[in-house]
2 protein chains.
Amino acid sequence: MGAGKRELLTVGVDLGATNLRIAAYSPVAGLLETVAIPTRIQAGPLGIVRDMCDAVERLIGAHGEHRETAGVGVGSPGPLELPAGRLHAPPNLPGWDGFHLRAEMERRLSIPVEIDGDANVAALAEYALGSGKLLAVDSLCMLTLGTGVGSGIVLDGRIWRGASGMAAEAGHLTIDPGGPPCGCGNSGCLEAYASATALVNAAVRLAAARNDGSIPSANEAARLNAGTLAAAAREGNADALTAYTAAGRALGIGLAALVNLLNLPLYVVGGGVAQSWDLLSPSLFEELHRRSYVYRLTVAGGPASRGIPGGGTRVVPAHLGPEAGLLGACILPLQQPKTSCRRDASAAEPVSS
Amino acid sequence: MGAGKRELLTVGVDLGATNLRIAAYSPVAGLLETVAIPTRIQAGPLGIVRDMCDAVERLIGAHGEHRETAGVGVGSPGPLELPAGRLHAPPNLPGWDGFHLRAEMERRLSIPVEIDGDANVAALAEYALGSGKLLAVDSLCMLTLGTGVGSGIVLDGRIWRGASGMAAEAGHLTIDPGGPPCGCGNSGCLEAYASATALVNAAVRLAAARNDGSIPSANEAARLNAGTLAAAAREGNADALTAYTAAGRALGIGLAALVNLLNLPLYVVGGGVAQSWDLLSPSLFEELHRRSYVYRLTVAGGPASRGIPGGGTRVVPAHLGPEAGLLGACILPLQQPKTSCRRDASAAEPVSS
């Protein structure tokens, strides 16, 4: 567009049910400025879009003078229909059913807006700037274990969105058909075992079942989260340890499905629960090894591991922290256009003008 | 290569544990000639490769005079490492562990040989020449329910092979972690419910459990297969019907995983068991509907179905019959090279010289 090669600027938005995080980003300098504001759920989608767009415009004003604005990227809760950029009854954003997020933002901003699922953009960041970059792989799948279990799949350097943007719902893989109910209508979903919510619920249930007076009070239960539970497990709390082991087991079964179906070189596990990798990973790898012959053949040292980037199929904790989603939103506008060729550039490389 | 535009010729090989099927194929005329010869397992891999190559050379001699030979395609049992073209302890081909099938065939034939998994090439055929062509989709997943359960995934017109050729092992998705053991080392695999073998075993087990004298004799059991079992179900045999219903249920759980992960426009179910779609599909769709909110959103008429080719996510019985694997092997050498762009041509279009 402009003459010469100007530095690019993007703005990324992490649309969360509690907070909006908005950042200005340059492929050269990285994150330039990050702001966080509360998500005014009661203001409805139009009010929240106004808050987002005001922040986007302020950041472009502050950082865009000597840069070329390449676009705005948004990581959104789902279910999200793409390329329409329309939400379908998102459980965490009441009042957003049928809302055309992309169209409304583009109407306000008059610059291109790329939208994708929050777990998809986190996977993109991990691919382009995290463990995927470190291991030089062209594909990965990332699971994010938070309040729910999100996931994103990057194939040959691009987010795999599927026919309507709803791919990579690994959190709703059935782990046990007769397992606990999930908000999605299914029972026994991965999310019902391996989210922070599920982990806390499992520990509280286990304590109650022991019937020895160790049930946490309502106050204590409200303070429990993946971190406090991990601390308890390390101090010898059997229920906390059992909950982590069960989550790891479910993850191993889910990862076996992903390895058997996709045969990717890298699977990344992020989110708060994954920070206690030492508690999670033993049962995870035990199940994965048992339930995926593809994993046994392709893990480092396996008979079919040599041609795989990184030396064999890997399952690792995330390299990026909680900022993965925001970073992914920032680099989303720099992804190759859909018509370009595979395997020629990483998503972090700017599209030349 | 040659001057002008000559018609292309390929030879496809379906390497089965019982029979070798070899065909000459032209994109213009279709199958030109098909031969079938027994697989001489006792002759070992080199003997079988000689049989295959002799037949390939005979077919090229018979049909290649006025055509340009584009290559040979082989659909092979797995586990198969790609692009090496090497087998890893294939359960149905004893003595083939570590055998470099591709290298040995190219050494003998001195023409390019493309190798892929038997279920992958069947999926490619269904994509390029079957239901995928009819519905004009760019991606699909096909399950083949035979002695085992094979599967293949085509994304944007190309077989998804994964990092080492071992993707698309949907037959080894865990349906129930505590389910019946599978030959792969896992328990509760889809294959342990929905293969013809599993179906017959389930019906025999059910009859035995009834303890009312209706257990089939060893002779009767040996005659049972997916077809005879379907006939019995239609004549009111409760055990046969229950076995089909259970297979459909497992398929629905497995398909829910595939829909949630890949969000493809089309899932195809082929093989002998799928011929009784009326017996299989009610429980299949019941589970799929319950266990995949992505399916509920994207099925024809669903709120996010409009942008999907074919009008929404579809699950259909295969359009091609048992020749899918052989046809897929025939068109494998005509696939676009790995460096080409997505979404520009179907795999059935010849690569122009």
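Residues numbered from 1 in each chain as written. Chains lettered and ligands numbered in written order. Predicted model: local features only at pLDDT ≥ 70, side-chain atom pairs only at ≥ 80, totals over all residues. Heavy atoms only, no water.

### Notes on the overall build of chain A
The helix and strand tally for chain A stands at twelve helices and twelve strands. Taken against the 2.2 N^0.38 rule, which gives 20 Å for 353 residues, the C-alpha radius of gyration of chain A at 21 Å falls within 12% of a compact globule. For chain A, with 353 residues in total, the buried portion stands at 58%. Averaged over its 27 positive side-chain charges, chain A has a centre that lies 4 Å from the centre of its 31 negative ones. (Helix = DSSP H or I, 4+ residues; strand = E, 2+ residues; numbered from the N terminus. Rg over C-alpha atoms; globule rule 2.2 N^0.38 Å. Buried < 20%, exposed > 50% of the residue type's maximum accessible area, 1.4 Å probe, protein only. Lys, Arg positive; Asp, Glu negative; His and termini not counted. Charge placed at Lys NZ, Arg CZ, Asp CG, Glu CD.)

### A short note on the environment of Ser-292 of chain A
All names here are of chain A. Structurally, Ser-292 can be placed in the loop between α10 (277–291) and α11 (293–298). For Ser-292, a relative accessible area of 0% puts it in the buried group. Sequence separation between Ser-292 and Val-204 is 88 residues, and the spatial gap between their C-alpha atoms is 31 Å. For Ser-292, the contacting residues outside a window of four places in its chain are Ala-256, Val-259 and Asn-260. (Contact = heavy atoms within 4.5 Å.)

### Regarding the relation of the copies chain B and chain A
In the superposition of chain B on chain A (RMSD 0.0 Å, axial shift 0.0 Å), the rotation amounts to 180°. The superposition operator between the copies reduces to a two-fold rotation axis. Mapped onto chain A, 100% of the interface residues of chain B are again interface residues, and the two copies thus contact each other with one and the same surface. (Least-squares fit on C-alpha atoms with pLDDT ≥ 70 in both.)

### Overview of the sheet that holds strand β9 (residues 149–155) of chain B
All names here are of chain B. Taken together, five strands build an open sheet; the order of strands is β10-β9-β8-β11-β12 and the sheet is mixed. With partners counted over all chains shown, the strands left at the sheet margins are β10 (158–159) and β12 (314–317), one partner each. Of the strand pairs in this sheet, strand β8 (residues 140–145) and β9 are connected by six bridges, and their pairing is antiparallel. Looking at β9, one finds that Leu-145 is bridged to Val-149. Across the sheet, helix α9 (residues 238–262) lies against β8, β9, β11 (266–270) and β12, angled at about 160° from β8, the strand it touches most. (Pairing = 2+ DSSP bridges. Axes fitted to C-alpha atoms, helices over the stretch in contact; angles between N-to-C directions.)

### Quick word on the domain arrangement of chain A
Residue and element names in this part refer to chain A. Segmenting chain A into domains produces domain 1 (8–124 + 323–334) and domain 2 (131–317). Between domain 1 and domain 2, the residue contacts involve twelve residues of the former and 15 residues of the latter. With both chains or domains summed, domain 1 and domain 2 bury close to 1000 Å², and 62% of this area falls on carbon and sulfur atoms. Counting the surface domain 1 buries against domain 2, the share from its top three residues, Leu-82, Asn-120 and Ala-123, is 45%. Linking domain 1 to domain 2 there are one salt bridge. Of the charged contacts, one joins Arg-161 and Asp-116 as a salt bridge, the two residues approaching to 2.5 Å between their closest N and O atoms. (Domains from an automatic or database assignment. Buried area = accessible area lost by both parts, 1.4 Å probe. Salt bridge = Lys/Arg side-chain N within 4 Å of Asp/Glu carboxyl O.)

### Focus on the packing of helix α6 (residues 196–210) of chain A against helix α9 (residues 238–262) of chain A
All names here are of chain A. Put simply, α6 and α9 touch, their axes get as near as 8 Å, and they point 135° apart. Viewed along their axes, α6 and α9 adopt a mutual orientation that is oblique. The two elements α6 and α9 meet at a crossing, and its hand is right-handed. Residues Leu-199, Ala-202, Ala-203, Leu-206, Ala-207 and Arg-210 of α6 form the contact with α9, whose own contacting residues are Ala-238, Asp-239, Thr-242, Ala-243, Tyr-244 and Ala-247. Looking at side-chain class alone, the contact of α6 with α9 contains nine nonpolar, one polar and two charged residues. (Parallel < 35°, antiparallel > 145°, perpendicular 65-115°, else oblique. Left-handed = near helix turned anticlockwise from the far one by under 90°. Nonpolar A, V, L, I, M, F, W, Y, C, P; charged D, E, K, R; others polar.)

### What about helix α6 (residues 196–210) of chain B?
Residue and element names in this part refer to chain B. The end-to-end C-alpha distance of α6, which contains 15 residues, comes to 21 Å, matching closely the 21 Å that a straight helix rising 1.5 Å per residue would cover. For α6, the set of buried residues is Ala-196, Ala-198, Leu-199, Val-200, Ala-202, Ala-203 and Ala-207. In this fold, the buried residues of α6 make contact with α5 (191–194), α7 (218–223), α8 (226–234) and α9. Trailing α6 by a residue or two, Asn-211 shows a phi angle of about 60°, which is positive. (Expected span 1.5 Å × (residues − 1).)

### Quick look at empty space enclosed by the protein
Within this structure, the stated rule accounts for two cavities of 30 Å³ or more. Empty space within the largest cavity amounts to approximately 80 Å³. The wall of the largest cavity is formed by Leu-173, Thr-174, Ile-175, Ile-253, Gly-254 and Ala-257 of chain A together with Leu-173, Thr-174, Ile-175, Ile-253, Gly-254 and Ala-257 of chain B. For the lining of the largest cavity, the secondary structure elements donating two or more residues are α9 of chain A together with α9 of chain B. In terms of residue class, the lining of the largest cavity is made up of eight nonpolar, four polar and no charged. (1 Å grid on protein atoms, 1.4 Å probe; cavity = no way out; pocket = protein on both sides within 12 Å on 5 of 7 lines; lining within 4 Å. Points joined across faces, edges and corners; volume = space filled by probe spheres on them.)

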